[in-house]
Amino acid sequence: MSEREQNLDVDVEIRDGRTAVLTVAGELDMETADRLHELLAEQFGQGRHRLVLDLSALGFMDSSGLNVLIQAVNRARESDGDLYLAAPTPAVRRILEITGVMATIPPHDAVADALAAAGGKR
């Protein structure tokens, strides 16, 4: 693991059989994107297709991170699920805005809002 990979921390909380919340903190870039991709693939492999990404502690994201999000939303939607973004930091929100990703994956203000949209609030 390179030193840069240590700048990404992902905590996974299973909400139910189809829903998980992944709290993503640090930097999501070409050095760390594979790690998030693998964790998302693991959730899909376990049958969870409603995934909430809590971005409240994500300080930076580049095009590699955007690519992971786009791949994940496509995979989730192919399986009758979805990807929900919650509480992006201003820097991450700006990237989502200028790239047009917000049109495909509109962010929610809070994790609770994203869970409600996912139908996973309990």
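Residues numbered from 1 in each chain as written. Predicted model: local features only at pLDDT ≥ 70, side-chain atom pairs only at ≥ 80, totals over all residues. Heavy atoms only, no water.

**What to know about the sheet that holds strand 3 (residues 50-61)**
In a beta sheet, neighbouring strands pair by backbone hydrogen bonds and run either parallel or antiparallel. As summarised here, the arrangement of the 4 strands in space is 1-2-3-4, forming an open sheet in which the pairing is mixed. Because the sheet does not close on itself, it has two edges, and the strands there are strand 1 (8-16) and strand 4 (82-86). Across this sheet, the average inter-strand angle for adjacent strands is 20°, counted without regard to direction. As paired strands, strand 3 and strand 4 are joined by 5 bridges and run parallel to one another. By the bridge assignment, valine 52 is partnered in strand 4 with tyrosine 84. (Pairing = 2+ DSSP bridges. Helix = DSSP H or I, 4+ residues; strand = E, 2+ residues; numbered from the N terminus. Axes fitted to C-alpha atoms, helices over the stretch in contact; angles between N-to-C directions.)

**So, the pairing of strand 1**
Along a regular strand, successive side chains alternate from one face of the sheet to the other. In this structure, strand 1 lies alongside strand 2 (residues 19-28), joined through 8 bridges in antiparallel fashion. Bridge pairing in strand 2 places isoleucine 14 opposite alanine 20. Adjacent in sequence and paired antiparallel, strand 1 and strand 2 are bridged by 2 residues.

**Some remarks on the nonpolar core**
By size, the foremost hydrophobic cluster in this structure holds 28 residues, and its most contacted members are Leu22, Leu36, Leu40, Leu53 and Leu83. For this core, the elements supplying multiple residues, two or more each, are strand 1, strand 2, helix 1 (33-45), strand 3, helix 2 (63-78), strand 4 and helix 3 (90-99). (Core = buried A, V, L, I, M, F, W, Y, C linked by side-chain atoms within 4.5 Å. Buried < 20%, exposed > 50% of the residue type's maximum accessible area, 1.4 Å probe, protein only.)

**Quick look at the UniProt feature "domain: STAS" (unreviewed entry) in the protein chain**
According to UniProt, the feature "domain: STAS" (unreviewed entry) maps to residues 21-118 in the numbering used here. Helix makes up 52% of residues 21-118 and strand 26%, and the two end C-alpha atoms of the span are 11 Å apart. (UniProt positions renumbered as here; feature names shortened; annotations may be inferred.)

**With respect to the packing of helix 1 against helix 2**
The geometry of helix 1 relative to helix 2 is characterised by a closest axis approach of 9 Å and an angle of 10° between their N-to-C directions. If you check the angle between helix 1 and helix 2, you find them roughly parallel. Residue-level contacts link Ala33, Leu36, His37, Leu40, Ala41, Phe44 and Gly45 of helix 1 to Ser64, Gly65, Val68, Gln71, Ala72, Arg75 and Ala76 of helix 2. Grouping the constituent residues of the contact of helix 1 with helix 2 by class yields 8 nonpolar, 5 polar and 1 charged. (Parallel < 35°, antiparallel > 145°, perpendicular 65-115°, else oblique. Contact = heavy atoms within 4.5 Å. Nonpolar A, V, L, I, M, F, W, Y, C, P; charged D, E, K, R; others polar.)

**Focus: the environment of alanine 33**
With respect to the secondary-structure elements, alanine 33 resides in helix 1. Linking alanine 33 and asparagine 67, residues 34 residues apart in sequence, is a C-alpha distance of 8.5 Å.

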